[in-house]
Amino acid sequence: MIKNDFVYYLDQFNVLSPNHAKIYDEYTNANEKFTFTIKTKVEEYLKSIFNTNPQSIILTGNAGDGKTRLCRQIYNSLSKEKLNEWPESGIIDLNFSKGILRIVKDLSELKEEIIYRELNSLNQYVSNGHEEKIYYLIAANEGKLSKFLSQYDELEALREMVKSRFHTHENNDNQFSIINLLDVTSSVYVEKVLKEWNKEENWDVCKECPINKRCIIFHNHKKSSEENVQKSIVNQYRILDYLNTHITMREMLIHNSYVLTGGYTCADIYKADYQELEEQTKKVYYQNFFGHGVSHEAFSEMKAMKIFKSIDPGVYSHSVVDDFIINGDISGNNDLEQNHKSIFNDSIDLQFGYFLKQLKLYRDHNKTSDHGLVTKWIPQLRRKLFFELDNTEHINIKALLPFEYVSDYEKLFDDKQKQNLIRKELTNGLNRAFSKKLVENQRNVQLIATSENLLIHESFQNRRINLEQEVGREDLDRISSVFKLIVDDELELSLNLFLFEFLMRVNGGSTLNILQQEVEILIDTFKNELIQISQPNDYELNVLRLDKNKGLYIEDTIMIP
């Protein structure tokens, strides 16, 4: 048996494998041949801070976001010796050129009296401008940190500083900062990992393997090495950015290792009989990505997979896409036929040509007995097409996503003109969402602060409404992913893809129940805030009334005597 050690390296990320590593401090195992480090903006930022103008910093985020790894990297960058093992106390004092850096690996692991001691010291050092030249780098859980600070009046000053910095990173200063790794956009690191893991030197041994043509792991490597497939994978993670959904570094590594291996190792491939081989063909990367065939136990361990399942393109039927899968090779269009032949061939995921035989049988003989073509193959091949179709001139693969307006959303970034033009649709969508009625789409854009009893408290004209794109970050890897709708430079409504999709659908006449669960609280809060700052006219009562001729609700005015 030819064994690829890199496959076994990936197996440490398999949550069901006995080789599974719970901690990804350096993304390594005992075999340092496959050690790799993902360069991050936050690491470079921290190094710059401590090498030039040091301050105290708290790192927060979820387990798996890389807080411990960052503490280790900063230690190694400032020390002549590498940190091989953390002391039992979890605290290290490091002498460096600017003073002493006190590193706390994980505040949550410490006893309460020690947490109090360290936070009290931090409070004093920040308050006196670090005149002792002692600085802190603390990895902490946001919830436990805030709860602990709330219990001690003598830590009130630190508590207020922490609270303001959690509110916005813009409150960080040159004495004390909080860097929340939850603010990192998930898509930033995916392409780096895919390129690193798919380096040819990691897979050279597989090229000599006599059974590589029936190895689903090698197939997944080859496909995920293709530029358009990598781009499609990154774009799926990008959608999570648009939804303000954060995937930790650990979750991303677990997910992408499973995408490549399907949970198999070289030994599993070698010992497979024909029945096991058939099962292995189902562990193709685009099925693994959405967790098809994954046990309930594994699914509960893979947060990324659970999230992606909700935007699985395989479950949404689209006539153009489905027709291409079934008839693309006989369409009469040369480009479509070539695309069909290149994607739907005799590869291992199509069971070495078995699908093509079923397709021919379905078309040429008995369509009422589809031999599983529609129920089994079509959903799978929608996913394959979604990732592998390079030429999208004739087929819009984004139509397979549960978001009708995702392309419109993407086009808004860095395009002021499109942002200005879209305000009318968003405003009309809000008007209909506020009143839960089909309000007339106005020529002159105005946001109507109205309650469900159809009383208009105030109308906010176009010049009082702005749509602003989120600004990227210099201190960590966050790229612009959401927008803000701002009224009177005072009220802000955070606009992610969920809310954008909802408002655009409502603007187009869709019913209010679509996506309502995801956005209802946000819209109601914004509506109430608008009503609070409204200034009704003392001599007029403005309402929405039904215009029977138009079948829409229009503004009307009742004069108060």
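What counts, and at which threshold
- Residues numbered from 1 in each chain as written.
- Predicted model: local features only at pLDDT ≥ 70, side-chain atom pairs only at ≥ 80, totals over all residues.
- Heavy atoms only, no water.
- Helix = DSSP H or I, 4+ residues; strand = E, 2+ residues; numbered from the N terminus.
- Buried < 20%, exposed > 50% of the residue type's maximum accessible area, 1.4 Å probe, protein only.
- Contact = heavy atoms within 4.5 Å.
- Areas by Shrake-Rupley, 256 points an atom, 1.4 Å probe, with all protein chains shown as cover.
- Lys, Arg positive; Asp, Glu negative; His and termini not counted.
- Charge placed at Lys NZ, Arg CZ, Asp CG, Glu CD.
- Pairing = 2+ DSSP bridges.
- Axes fitted to C-alpha atoms, helices over the stretch in contact; angles between N-to-C directions.
- Parallel < 35°, antiparallel > 145°, perpendicular 65-115°, else oblique.
- Left-handed = near helix turned anticlockwise from the far one by under 90°.
- Nonpolar A, V, L, I, M, F, W, Y, C, P; charged D, E, K, R; others polar.

Colleague: Would you take a moment to explain the overall build of the chain for this structure?
Modeller: Scanning the chain from N- to C-terminus turns up 24 helices and 12 strands. Each principal axis of the C-alpha atoms in the chain carries an extent, and together these give about 85 × 80 × 35 Å. Expressed as a percentage of the 561 residues in the chain, the buried residues total 54%. Residue pairs at least 24 apart in sequence account for 66% of intrachain contacts in the chain once pairs closer than 6 positions are excluded. By element, 46% of the accessible surface of the chain is carried by carbon and sulfur atoms, the whole surface being about 26900 Å². Counting 68 positive and 85 negative side-chain charges, the chain places the centres of these two groups 3 Å from one another.

Colleague: I tried to follow the sheet that holds strand 10 (residues 491-495) on my own but got confused; where do I start?
Modeller: The strands making up a sheet associate through backbone hydrogen bonding, with each pair oriented either parallel or antiparallel. The antiparallel open sheet is built from three strands, whose spatial order is 8-9-10. What marks the edges here is a single partner per strand, and that holds for strand 8 (465-469) and strand 10. Neighbouring strand axes in the sheet, compared pairwise and without regard to direction, differ in orientation by 25° on average. With five bridges joining them, strand 8 and strand 9 (residues 483-487) adopt antiparallel strand pairing. Opposite Glu-468, over in strand 9, you have Lys-484 as the bridge partner. Packed onto the sheet, helix 22 (residues 416-435) meets strand 8, strand 9 and strand 10 and runs at close to 125° relative to strand 8. The sheet strands contacting helix 24 (residues 516-533) are strand 9 and strand 10, and the helix crosses strand 10 at an angle near 165°.

Colleague: Could you clarify how one ought to interpret the sheet that holds strand 11 (residues 540-547) in this entry?
Modeller: Here four strands make up an open sheet; going across it, the order is 6-7-11-12 and the pairing antiparallel. Every other strand in the sheet has two partners, leaving strand 6 (446-450) and strand 12 (552-559) as the edge strands with one partner each. Within the sheet, the average angular offset between the axes of one strand and its neighbour, ignoring direction, is 45°. In this structure, strand 11 lies alongside strand 12, joined through eight bridges in antiparallel fashion. Pairing of Asn-542 across the sheet is with Thr-557, part of strand 12. The strands that helix 22 touches are strand 6, strand 11 and strand 12; relative to strand 6, the one it contacts most, it runs at about 10°.

Colleague: I'm lost on the environment of Asp-390 in this one. Help?
Modeller: As for its position among the elements, Asp-390 is in the loop between helix 20 (373-388) and helix 21 (406-411). For the pair Asp-390 and Ser-232, spaced 158 residues apart in sequence, the C-alpha separation works out to 9.7 Å.

Colleague: Mind showing me how you'd approach the pairing of strand 9 here?
Modeller: Looking along a regular strand, one sees the side chains alternate between the two faces of the sheet. Summarising burial for strand 9: four of the five residues are buried, a large majority. Here strand 9 pairs with strand 10 via five bridges, running antiparallel. Paired with Lys-484 across the two strands is Ser-494, which belongs to strand 10.

Colleague: Which parts of the structure should I look at to understand the side chain of Gln-419?
Modeller: Position of Gln-419 relative to the elements: it lies in helix 22. Since its relative accessible area comes to 2%, Gln-419 is described here as buried. Contact partners of Gln-419, with chain neighbours within four places excluded, come to Leu-412, Asp-414, Leu-467, Gln-469 and Phe-483.

Colleague: In this structure, what is going on with the packing of helix 19 (residues 354-364) against helix 20? I would like to understand it.
Modeller: The packing of two helices is summarised by the inter-axis angle and the distance between the axes. Orientation of helix 19 relative to helix 20, taken along the N-to-C sense of each, is 125°, at an axis distance of 12 Å. By the angle between their axes, helix 19 is oblique relative to helix 20. Along this stretch, helix 19 crosses helix 20, giving a crossing that reads as left-handed. Seen from helix 19, the contacting residues are Tyr-354, Phe-355, Gln-358, Leu-359 and Tyr-362; seen from helix 20, they are Leu-373, Val-374, Trp-377 and Leu-381. Classifying every residue of the contact of helix 19 with helix 20 gives eight nonpolar, one polar and no charged.

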